[in-house]
Amino acid sequence: MSDTPGKQNTAAFYGQAVASFAVAMAATAIGIYQLSADAWVRGFLAIAVLYLVTSAFTLAKVIRDRQDGASAPTYTPFEKH
């Protein structure tokens, strides 16, 4: 996390992001559950959605870390301190 002031999100923004994610996941789960297809098709779609969500979180973290690292000094594990 960055110690730079002014980059902190508000509680309302955080709440909206969490609520939006929860609604999207619930709607997708209900849609897959109500789908008139075989169980294996619904299972495949559910696993695909979970994979997509974890990949999106990982991508967001990598992008955030790269942006935070642009201003931070680089570190190699073999440096003496």
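None of the values given here were measured: they were computed from a predicted structure.

Student: What exactly am I supposed to notice about the pattern of salt bridges here?
Tutor: Two side chains carrying opposite charge are able to pair once their charged atoms lie near each other. If you walk through the whole model with that rule in mind, you get 2 salt bridges. A salt bridge links K61 to D65, with the nearest nitrogen and oxygen atoms 2.6 Å apart. Of the two residues, K61 and D65 are both situated in helix α2 (residues 39-71); the distance of 4 residues between them amounts to about one turn of the helix. Overall, D65 belongs to the partly exposed group, its relative accessible area being 32%. Close ionic contact of R64 with D65 constitutes a salt bridge, the shortest N to O distance being 2.9 Å. Judged by relative accessible area, R64 falls into the partly exposed class, the value being 37%. Connected through shared salt-bridge partners, K61, R64 and D65 make up one network.

Student: Looking at this structure, how should I read the packing of aromatic side chains?
Tutor: Note on aromatic pairs: each is described by the distance of the centres and the angle between the planes. In this structure the tally under the stated criterion is 1 aromatic pair. Taking the centre distance of 5.6 Å and the plane angle of 70 degrees together, the rings of F21 and F57 count as edge-to-face. With F21 in helix α1 (residues 11-34) and F57 in helix α2, this pair connects stretches of sequence that are 36 residues apart.

Student: What is the right way to read the UniProt feature "transmembrane region" (unreviewed entry) in the protein chain from this model?
Tutor: UniProt annotation of "transmembrane region" (unreviewed entry) refers to residues 12-33 and 39-60 when read in the numbering used here. Span residues 12-33 is 100% helix and 0% strand, its end C-alpha atoms 31 Å apart. In this annotation, residues 39-60 is assigned 100% helix and 0% strand; the end-to-end C-alpha distance for the span is 32 Å.

Criteria and cut-off values
- Residues numbered from 1 in each chain as written.
- Predicted model: local features only at pLDDT ≥ 70, side-chain atom pairs only at ≥ 80, totals over all residues.
- Heavy atoms only, no water.
- Salt bridge = Lys/Arg side-chain N within 4 Å of Asp/Glu carboxyl O.
- Helix = DSSP H or I, 4+ residues; strand = E, 2+ residues; numbered from the N terminus.
- Buried < 20%, exposed > 50% of the residue type's maximum accessible area, 1.4 Å probe, protein only.
- Phe/Tyr/Trp six-rings, centres within 6.5 Å; stacked < 30°, edge-to-face > 60°.
- UniProt positions renumbered as here; feature names shortened; annotations may be inferred.

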